[in-house]
Amino acid sequence: MTSRNWTSPPGDTIVRLMAAKEIDPTEIADAMGLSTKDFEALIAGRRRLSEKDATVLSDNLGSTARFWLARDKAYVLDLARLAGDRSQSPQDTWLATMPTASMRKLGWLEKGQRSKDKLQADVLAFFGCASLQEWGVRYSSGVGAVAFRTSLSLASDGMATLVWLRAGEIAASDQSLPKFDRAAFKSTLPALKKLSAYKRPSSFLPRLVEACRSVGVAVATARTPEGCRASGASWFNGSGNPVILLSFRHMSEDHFWFTFFHEAAHVVLHGKNHIDGEGAVVMGDDTEAQEAEANVFAQELLFPSKLRDDLRERGIHRSSIIATARRADVTPGIIVGQLQRSKDLDHSKLNFLKRRYRWGSNASVPNLID
């Protein structure tokens, strides 16, 4: 018997039942706690069903939560089966989504001309998978598995972002981590901002990595491939240790340190309820509020509100910023970035106080622009 060469996402069943029961899609989306964009992604098959989603669907559309989870799993397995069907030209469709040119440039793939079969094998090896079927099952939830801080939509290029995440996963796996100590990690964060005093990433990164490693948190850095616009990501690995991945996007010290403390905030404040590397549950139930909480946490740690108010009263200029940075145990460039973020300072002003970086031959550590 010939297997069918198509598949249908759970969203098709959801749409059919909503129409039959005359239920407005916004009612289901609201019950799930999903934005219109996220609900549309669920309908289109770009978002996996969580146990909570399945329970909501069962309550509103009928059947059982187990049915909806099984429906979702069957769809994922169908995708994997179709990926392995040679008649579907998986090399052309799958490889075309991969930023292979960037992966070669960054040293994640062997350079030089490769046959499609060899290139496919190389990309699969990068992901730690032996076949397209295995890759389809393992990565079916896509980049939704990790909480990101990014100024643009994660949908910009999901596969490039997934490649970047995998590079971070590989880098973090080289670290020997003790059991995660949340209290110790939180207590060490104020001291970590003092590392910004080191000008060069090659100086402050090893110190940052080791300080976090000692309390069970892996910190990794990787240059983003073309198409990925993520600044940072965080998740818990299979051993229960948090991983923080940073990209040095925008290549400036203020952005780097704010991103680190934003991701650290998710680890401290939200834990596994917000970030999950395996992707069964995506970014918690109140993502927007948690993102705001992480922003406030990072802002208060780098530039406490009392110091911000004092600076406003004194007047914002070069000398007052330098004095305030000394009191905050950070660099003047970080204060400038925070003032720009709060709209107390125009983005065109005092940028000469920021340290900036450029990429060299190392895809993990950029160089200081002297």
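Preceding this section is the structure that the text describes.
**Details of the packing of aromatic side chains**
Applying the stated criterion across every chain yields a total of 16 aromatic pairs. Arranged with centres 5.1 Å apart and planes meeting at 75°, the rings of Phe67 and Trp68 form a pair that is edge-to-face. Residue Phe67 is classed as partly exposed on the basis of its relative accessible area, which comes to 34%. Accessibility expressed as a relative area gives 0% for Trp68, which makes it buried. An angle of 50° between the planes, with centres 5.2 Å apart, marks the rings of Phe204 and Trp257 as tilted.

**Section: unusual backbone geometry**
Positioned with a positive phi, Phe248 is a non-glycine residue whose angle comes to about 60°. The backbone phi angle of His250 is positive, close to 75°, even though this residue is not glycine. Along the chain, His250 falls in the loop between strand S4 (242–246) and helix H13 (253–270).

**Describing the packing of helix H11 (residues 182–192) against H13**
Two numbers describe how H11 lies on H13: the axes approach to 10 Å, and their chain directions differ by 160°. One way to sum up the angle between H11 and H13 is to call them roughly antiparallel. H11 and H13 meet at a crossing whose hand is left-handed. Residues Arg182, Phe185, Lys186, Leu189 and Leu192 of H11 form the contact with H13, whose participating residues are Trp257, Phe260, Phe261, Ala264, Val267 and Val268. Broken down by class, the residue content of the contact of H11 with H13 amounts to nine nonpolar, no polar and two charged.

**Digging into the nonpolar core**
In this structure, Phe185, Leu189, Leu208, Trp257 and Phe260 are the most contacted members of the largest nonpolar core, which totals 48 residues. Those elements that provide at least two residues to this core are H11, helix H12 (201–213), S4, H13, helix H14 (287–302), helix H15 (305–314), helix H16 (318–328) and helix H17 (332–341). For this core, the leading source of residues is H13, giving nine residues. Sequence-distant contacts of Leu208, that is, excluding residues within four places in its chain, are made with Leu192, Leu195, Val219, Phe256, Trp257 and Phe260. Leu95, Phe126, Ala172 and Ala222 belong to the second largest nonpolar core, which has 33 residues in total.

**As for the environment of Asp346**
Mapped onto the elements of the fold, Asp346 is located in the loop between H17 and strand S5 (357–358). By relative accessible area, Asp346 is classed as partly exposed at 46%. Along the chain, Asp346 and Val336 lie 10 residues apart, while their C-alpha atoms are 9.5 Å from each other. Engagement of the side chain of Asp346 in a polar contact is seen with the side chain of Ser348, the distance being 2.5 Å.

What counts, and at which threshold
- Residues numbered from 1 in each chain as written.
- Predicted model: local features only at pLDDT ≥ 70, side-chain atom pairs only at ≥ 80, totals over all residues.
- Heavy atoms only, no water.
- Phe/Tyr/Trp six-rings, centres within 6.5 Å; stacked < 30°, edge-to-face > 60°.
- Buried < 20%, exposed > 50% of the residue type's maximum accessible area, 1.4 Å probe, protein only.
- Helix = DSSP H or I, 4+ residues; strand = E, 2+ residues; numbered from the N terminus.
- Axes fitted to C-alpha atoms, helices over the stretch in contact; angles between N-to-C directions.
- Parallel < 35°, antiparallel > 145°, perpendicular 65-115°, else oblique.
- Left-handed = near helix turned anticlockwise from the far one by under 90°.
- Contact = heavy atoms within 4.5 Å.
- Nonpolar A, V, L, I, M, F, W, Y, C, P; charged D, E, K, R; others polar.
- Core = buried A, V, L, I, M, F, W, Y, C linked by side-chain atoms within 4.5 Å.
- Polar contact = N/O pair within 3.5 Å; in protein donor to acceptor, adjacent residues only side chain to side chain.

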